[in-house]
Amino acid sequence: MTQRTASPELQKLAHSLGVPLGRLDGLADLPADDLRLLRTQITEALFQHDRPRFAKLAALSSAVPVALAAKVTQHVLPPLLAARTAELIDPDRAADLVGRLSDGYLADVSAAMDAARAPEVVARIPAIRIGTIAAELARRAEWVVIGAFVAHVSADGLAAAVRSFDGGQLLRIAYVLDDKRRLDEITAMITDEQRDQVLVTAAEDGLWAELADLLAHLGADERTHFANRLHASPEAVRAAVAASTLDPGALAALGAA
């Protein structure tokens, strides 16, 4: 099974377990709600198993100056330990600590962090830093990680992140968003160039499931924007859409039915 045909929940479960998607082929037919529940139970069990160790590190981190804690964290702690520690300390202190980490290390920590366990920390990260780290995570194709953080970043942080993505990246991120309710907010920020890139990427890479899911979660006005961009697209893109596996609803949304 390739990543582009895997369901969003299966992709998220593979990320949580740190295994290739192919290892989870046997779960591909499970309902999304069941996969979501399984992922929640597994991540909670893993977290609770090592919680005493994380709590000790959090207490130690809180006992020393933030500048020293940041230096020690980056040079000593693996990203997973740093992420779990940040989830357990005071949000203001954690945000201060995060602000002192290098971009590369912070991207590593973000990939290991469960954003839902530290929403107040995520919300406190400055917008410009969100944009920088979002671009680095996109370069690494960490779509599931970005999709989890989108639910918790500030409006300014979200805008900075959206500016850093091209349309193809946005299409892949939208498919695995934890909070689809922010899609209208996101698409209100994107440019026609990014919309064009969404359509070109779907056509070139066969990301029809991703495009159909995006269209299904958009309001009528934004679907009209995409339909207009499709009509202005090169013939190759329009032909690919017409010959695609998009369902009738998605084709109708694009005015291609």
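Parameters at a glance
Residues take numbers from 1 onward in each chain, read along the sequence in its written order. Residues qualify for local features only when their pLDDT is at least 70, as the model is predicted, and side-chain atom pairs are given and counted only at 80 or more; totals for whole chains, interfaces and linings, by contrast, use all residues. Note that water and hydrogens are dropped before the side-chain values are worked out from all heavy atoms of the structure. For this analysis, a nonpolar core means a set of buried residues of the types Ala, Val, Leu, Ile, Met, Phe, Trp, Tyr and Cys, connected via side-chain atoms within 4.5 Å. Burial classification: accessible surface area is computed with a 1.4 Å probe over protein chains only, and a residue below 20% of its type maximum counts as buried, one above 50% as exposed, and the rest as partly exposed. Here a residue-residue contact requires only that any non-hydrogen atoms of the pair lie within 4.5 Å. Numbering of helices and strands runs from the N terminus; a helix is a DSSP stretch of H or I covering at least four residues, while a strand is a stretch of E covering at least two. A helix is expected to span 1.5 Å for every residue after the first. Note on definitions: the grid is 1 Å and covers protein atoms alone; a cavity is a set of points where a 1.4 Å probe fits but cannot get out; a pocket is an open set with protein on both sides within 12 Å along at least five of seven lines; lining residues have an atom within 4 Å of a point. Grid points are joined across faces, edges and corners, and a volume is the space filled by probe spheres set on the points. Gly is put with the polar residues, along with every residue not named as nonpolar or charged; the nonpolar set is Ala, Val, Leu, Ile, Met, Phe, Trp, Tyr, Cys and Pro, and the charged set is Asp, Glu, Lys and Arg. For every element, the axis is a line fit to its C-alpha atoms; helices are fit only across the contacting stretch, and the angle between N-to-C directions ranges from 0 to 180 degrees. Roughly parallel means an angle under 35 degrees; roughly antiparallel means over 145; roughly perpendicular covers 65 to 115; every other angle is labelled oblique.

Caption draft 1: Inspection of the nonpolar core at higher detail. Counting 68 residues, the largest nonpolar core has Leu211, Phe226, Leu246 and Leu254 as its most contacted members. Filtering out sequence-adjacent residues up to four positions away, Leu211 remains in contact with Leu171, Val198, Leu199, Ala202, Leu246 and Leu254. Judged by nonpolar contacts, the second largest core, of seven residues, contains Ala6, Leu10, Ala14 and Leu21.

Caption draft 2: Here's a closer look at helix H8 (residues 127-139). Helix length check: H8, at 13 residues, gives a terminal C-alpha distance of 18 Å against a target of 18 Å (1.5 Å per residue), a fit within 8%. Within H8 the residues assigned to the buried category are Arg129, Ile130, Gly131, Ile133, Ala134, Glu136, Leu137 and Ala138. Where the residues of H8 are buried, they touch helix H5 (91-98), helix H6 (103-112), helix H7 (119-124), helix H9 (143-149), helix H10 (155-164) and helix H11 (167-175). The positive-phi residue at the C-terminal boundary of H8 is Ala141, with phi of around 60°.

Caption draft 3: Representation of empty space enclosed by the protein. Considering all chains together, one arrives at three cavities of 30 Å³ or more under this definition. Size it by volume and the largest cavity reaches roughly 250 Å³. Together, 22 residues line the largest cavity, and Ile130, Ile133, Leu137, Phe149 and Val153 are the ones closest to its centre. Where the lining of the largest cavity is concerned, the elements lending two or more residues are H6, H7, H8, H9 and H10. Tallied by class, the residues present in the lining of the largest cavity amount to 19 nonpolar, two polar and one charged. When its volume is computed, the second largest cavity comes out at roughly 130 Å³. Lining the second largest cavity are 17 residues, with Leu170, Leu171, Ala174, Leu183 and Ile186 positioned closest to its centre. Secondary structure elements with two or more residues in the lining of the second largest cavity: H10, H11 and helix H12 (183-187). The dominant element in the lining of the second largest cavity, judged by the number of residues it contributes, is H11, at four residues. Looking at the lining of the second largest cavity residue by residue, the classes come out as 16 nonpolar, one polar and no charged.

Caption draft 4: Looking closely at the packing of helix H13 (residues 192-205) against helix H15 (residues 220-231). At their nearest, the axes of H13 and H15 sit 10 Å apart, and the two run at 70° to each other. Comparing their axes, H15 and H13 come out roughly perpendicular. Along its contact with H13, which presents Asp192, Arg195, Asp196, Val198 and Leu199, the element H15 presents Glu222, His225, Phe226, Arg229 and Leu230. Residues that form the contact of H13 with H15 fall into these classes: four nonpolar, one polar and five charged.

Caption draft 5: Structural detail: the packing of helix H4 (residues 79-86) against H6. One can describe the packing of H4 onto H6 by two numbers: an axis separation of 8 Å at closest approach and a directional angle of 70°. Taken together, the axes of H4 and H6 lie roughly perpendicular to each other. Touching Pro79, Leu80, Ala82, Ala83 and Arg84 of H4 are Tyr105, Asp108, Val109 and Ala112, all from H6. Considered class by class, the residues forming the contact of H4 with H6 number seven nonpolar, no polar and two charged.

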